[in-house]
Amino acid sequence: MPRKYVSKQGAMKRVPYDPEALKNAVQAVKDGAAYKTVAREFKINVMTLKRLCRRDSYVQPGFTNRQILSKRHEDELGAYLVHMSKMYYGLTVVQLRKVAYQFAKANKMKYPSSWDHSQQAGRDWYRGFLERQQTLSLRTPEPTSLARATAFNKHTVAEFFGNLTAVFNKHEFTAERVWNIDETGVTTVHKPSKIIAVKGSKQVGKMTSAERGELVTVCACINAAGGHIPSYMIFPRKNWQDRFLNHVPPSSDATTHPSGWMTGDSFIKFLKHFVRHVQPNADRKHLIIMDNHESHCSFDALNYAKDNGIVLLTIPPHTSHKLQPLDRTVFGPLKTFYSQAASNFMLRHPGRTITIYDVSELLGEAFPRAMVPTNIISGFRAAGIWPINADIFTESEFMTSLVTDRPPPSQLEEPTQRSVIASDCPLPSPLEEPVQSSSVSERASPSSLGGSVPMHFSPQDIMPYPKAGPRSQSSCGRKRGRTRILTDTPEKATIEEQSNKKLAKIAEIEMKRKIKENRPTKKTVRQIFSLKKIDDDTSSDSDECPPLPSSSGGGEELCSDGEGHRAFEPIRKEVGEFVVAIYNGLSYPGKITKIHENGATIKAMEKSGRLWKWPAREDEIFYVWGDILGHLPEPTKFSKTRDIYSVPLLE
C-alpha cells in the first residue's frame, strides 16, 4: 500500500467540484438544456457532465481507500486511546499496533498476512489511522509520579474545599487577606531559550555557567486580590554575607542554610518577614494556604502564626499542581523570565560564570515581571480558591485517580462478571505472547456461547483499563497526609504531641551517642576497678593501707584484715551485692544470690584475658563469711546483658 500517492501529471490536478453544483447541473441537462451551456454556466468540464448524466441516478463523487478497520471501529479505537491518555496510561506506537492487530483478529476482519508474522499492525496502517483520526497525534508525555496522579481525587479535593469553606465562614476573609505561599528553586545554570540557527543543524549550543549549578530557594507569597509581598530567599551557605542581597528587589530578605532548602527555623523567619509586610492581628486575621511540607508544620511555627493572627490551611499532599495558585500561573513565567535574565547576563559578561551572589540581581529582573495581578488572580481562579468554586475541576481531570479508586478490604464484595466475553472468554494481552492453538474469535464462537452473544470485541476487551488490586490490610507506621487547619486547637494539640515525641526520640539518640563516645577504655576500667592477688607469703608491716579506688574513681585508705589480705569495704550482707571472695588462694569477684547464717551463696565471675565476666555456665558456690573479703562497687556495663570487671591480678 503506498503511503501517499503523488500524481505523475505534475501541475495537472483534479479540480474538486461542489457536489450541490454537480447535482443541479445534472438536473438542468435532464430538463432539456444543452451540455455546453450547462457546463459553461456551472463551470464544469463537459466530459465530466456527460459521464454523470449517463448514469441512471446521480451518485455523489468521491471515494475512500479500502480500510481494514471500518470507520466505526476506528472511532471506537480512537475513543479508547483518548480515555487511556487521560488516565495517564497512554499507548505507545508499538502498543497501539499490537492492540489493533488483536482487535482485527478478535472481530474476524480481513487484514494482511504480514500482521500475523509480526503480531502487530503495519506502519502504513498506523500512519493512515492518524490521518483519518484528526483529533489524535503523537505527543511526548510529561513524567508524572503515581502519587501525584492518584492523590488528586474527588475525596481529597472535597475535603480541602470543606476546610476552605469552614475558615471562610468563620473569619469572613476578603480577597486581600487570602494568601498562598510556596517555594521554588532557581539555579546558577539556567535553561536557554530557543535561538536562531542554520536550518537542518543537528546540534545547536548556547552558553551557560556550568554543567551543574547551585540551587537557591525562593519563597513567594501572593493574595487573591493580585498583590504580593517581596521575595524571601534561602542561600546554600552556613554563614551570612551582605553581598547575597546585591541588586535585590526592594524590601526583599534572605537567610542561609547549609542545604539551601526550607527548614522549620527558616519558615519561622519567613513568617516574621510576612508579618512585617502584612501586619495581621487577632482582630483582622489572614489566611495562608500552603502545602504539607514538614517545615511548614513545626510546632514553633504554629505558635508564632496563632499569636500573630495567621490561620494556616494545608492542601492535600501531591495536589499542588491543581490546588496551588503559584504553581498554576506564577512560577512558570518566573522561571522563563529568570532564564531570560540569565541569558542576558551571559551576553553582558562574556567569559564570566553566574554565582549565587548574582542570583538576587537576576531575580530582581524576573520577579516583578512574573508577579503581575492578572497572573495572580487567574491562579486563584484556576484553583477554585477565589472565588471559591468546588466544582471547578471536570470529570476528565479526576480520571487519573480511577486506577486506585477502590474500596478498602472490609468493603470488598465477591467479584461479578462484567460480561460473558470478559469472564467466560479471556483474551490474550497484546503485550504478551500470542496464543498459538486457536484465535480469540475461535475460543468465543457462537456455538460455545449458546449463539446469543453478539460477535464484537471492543478495545477494552483486548486491553482493559488499568485498575489496581485490592487495598492491602497491612498499614505502615507513618500516617497519610491530608488537608488540615493547622492553627485549630485539635490539630495544634496533635502536632504538639508529635513534636514532643520526636524531640524525646532525638534526645535519646543523642544521649546514646554521647554514652558511646564517653565509654571508658580498658585502661580506664583497670584504673577504676582493680583486684589484687592474695599473697600468702608476705604480710603488711605497716598499719596503714594503700588507697583503694572506689566506683567514683577516687581512693580510700582501708585497714587490712590482719592476715595480709588486701583490705576492702565491709560487706553489707545483701542479696545482689557484689563482693570479692577467696577460693583456692585466689580472689574472685561475684554476686551474692542467697544469704545464710554462717555465709552466703555467691555466683562467681571467670577471668577472660584481662577482664572478668559471667561464665557461660553459671556456678553458685557457698562461702563462709570469713572467705568473703569485702564489698565491691557495681561493675561496668558494656552492654545490656553483660557485667564486666577489668581486674588484673598481681603477679
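In case you missed it, the structure is sitting above this.
Everything in this summary refers to the structure shown in the same document. What you see is a predicted model; the values in this text were computed from it and never measured.

So, about the sheet that holds strand β9 (residues 578-583). Sheet architecture is open: five strands sit in the order β14-β11-β10-β9-β15, paired in antiparallel fashion. Of all strands in the sheet, those with a lone pairing partner are β14 (620-624) and β15 (628-631), marking the two edges. Going across the sheet, the axis of each strand differs from the next one's by a mean of 45 degrees, ignoring polarity. Bridge count between β9 and β15: three bridges; the pairing is antiparallel. Its bridge partner lying in β15, Val 579 is registered against His 631.

What follows concerns the layout of surface pockets. Put simply, the second largest pocket is a space of about 1200 Å³. For the second largest pocket, the lining is made up of 33 residues, of which Ser 85, Tyr 88, Gly 90, Arg 139 and Pro 141 are closest to its centre. Of all the elements in the fold, those that place two or more residues in the lining of the second largest pocket are α4 (71-86), α5 (93-106), α7 (123-132), α8 (146-151) and α12 (320-323). When its residues are assigned to classes, the lining of the second largest pocket shows 17 nonpolar, eleven polar and five charged.

Under the criterion given, the structure shown has 17 aromatic pairs. Summarising the aromatic geometry, the rings of Phe 152 and Phe 398 are spaced 5.0 Å apart at their centres and angled 10 degrees between planes, so their arrangement reads as stacked. Taken as a pair, Phe 152 in the loop between α8 and α9 (154-171) and Phe 398 in the loop between α15 (373-383) and α16 (420-424) lie far apart in primary sequence, 246 residues in all. Under the relative-accessibility criterion, Phe 152 is labelled buried at 1%.

Turning next to the environment of Thr 187. With respect to the secondary-structure elements, Thr 187 resides in strand β1 (residues 178-187). Judged by its relative accessible area of 26%, Thr 187 falls in the partly exposed class. With 155 residues separating them along the chain, Thr 187 and Ala 342 place their C-alpha atoms 10.0 Å apart. A polar side-chain atom of Thr 187 sits 2.7 Å from the main-chain carbonyl oxygen of Val 189.

With the rule as written, the count across this model stands at 14 salt bridges. A salt bridge links Asp 124 to Arg 127; the nearest nitrogen and oxygen atoms lie 3.9 Å apart. With Asp 124 and Arg 127 both in helix α7, this residue pair falls three residues apart, about one helical turn. The class for Asp 124 is partly exposed, based on a relative accessible area of 28%. Since its relative accessible area comes to 35%, Arg 127 is described here as partly exposed. Between Glu 491 and Arg 484 there is a salt bridge, with its nearest N and O atoms 3.9 Å apart.

Attention shifts here to the packing of helix α1 (residues 19-30) against helix α2 (residues 35-42). Running from N to C, α1 and α2 point in directions that differ by 155 degrees, and their axes come no closer than 10 Å. Of the possible angle classes, the one that applies to α1 and α2 is roughly antiparallel. Helix-helix and strand crossings are classified by hand; for α1 and α2 the assignment is right-handed. Across from Ala 21, Asn 24, Ala 25, Ala 28 and Val 29 in α1, the residues of α2 making contact are Tyr 35, Val 38 and Phe 42. Tallied by class, the residues present in the contact of α1 with α2 amount to seven nonpolar, one polar and no charged.

Time to look at a nonpolar patch on the surface. Together, Tyr 88, Tyr 89 and Leu 146 make up a nonpolar patch on the protein surface, roughly 330 Å² of accessible area in all. With respect to the helices and strands, Tyr 88 occurs in the loop between α4 and α5.

What counts and what doesn't
- The written sequence of each chain sets the order in which its residues are numbered from 1.
- In view of the model being predicted, local features appear only for residues whose pLDDT reaches at least 70, and side-chain atom pairs are presented and counted only at 80 or more, with totals across whole chains, interfaces and linings using the full set of residues.
- For the side-chain quantities, the full set of heavy atoms in the structure was used; hydrogens and water were omitted.
- The criterion for strand pairing is that DSSP finds at least two bridges linking the strands in question.
- The helix and strand labels rest on DSSP assignments: H or I over at least four residues marks a helix, E over at least two residues marks a strand, and numbering proceeds from the N terminus.
- Helix axes are fitted to C-alpha atoms over the stretch in contact, other axes to C-alpha atoms as well, and angles between N-to-C directions run from 0 to 180 degrees.
- Each cavity reported here is a set of points on a 1 Å grid over the protein atoms alone in which a 1.4 Å probe fits but cannot get out, each pocket an open set with protein on both sides within 12 Å along at least five of seven lines, and each lining residue one with an atom within 4 Å of a point.
- Grid points are joined across faces, edges and corners, and a volume is the space filled by probe spheres set on the points.
- Residues are grouped as follows: nonpolar covers Ala, Val, Leu, Ile, Met, Phe, Trp, Tyr, Cys and Pro; charged covers Asp, Glu, Lys and Arg; every other residue, Gly included, is treated as polar.
- Only rings of Phe, Tyr and Trp enter the pairing, Trp through its six-membered ring, and a pair is recorded when the two centres are within 6.5 Å. The plane angle decides the type: under 30 degrees is stacked, over 60 is edge-to-face, the rest tilted.
- A 1.4 Å probe rolled over the protein chains alone gives each residue an accessible area, and that area as a share of the maximum for its type sets the label: buried under 20%, exposed over 50%, partly exposed in between.
- Any N or O atom pair separated by 3.5 Å or less is treated as a polar contact, with the protein-specific requirement of one donor-capable and one acceptor-capable atom, and with residues adjacent in sequence counted only for side-chain atom pairs.
- In the sections that follow, a salt bridge refers to a side-chain nitrogen of Lys or Arg positioned within 4 Å of a carboxyl oxygen of Asp or Glu.
- Angles are sorted into four bins: roughly parallel if under 35 degrees, roughly antiparallel if over 145, roughly perpendicular if 65 to 115, and oblique for all others.
- The hand of a helix crossing depends on one turn: near helix anticlockwise from the far one by less than a right angle means left-handed, and clockwise means right-handed.
- Note on contacts: a residue pair qualifies if any of its non-hydrogen atoms lie within 4.5 Å across the two residues.
- Distance thresholds for patches are 9 Å for like charges and 5 Å for nonpolar side chains (Val, Leu, Ile, Met, Phe, Trp, Tyr), applied to residues having over 30% relative accessible area and no salt bridge.
- Note on areas: Shrake-Rupley, 1.4 Å probe, and residue coverage restricted to the protein chains presented here.

Just distances and angles here, no functional claims.
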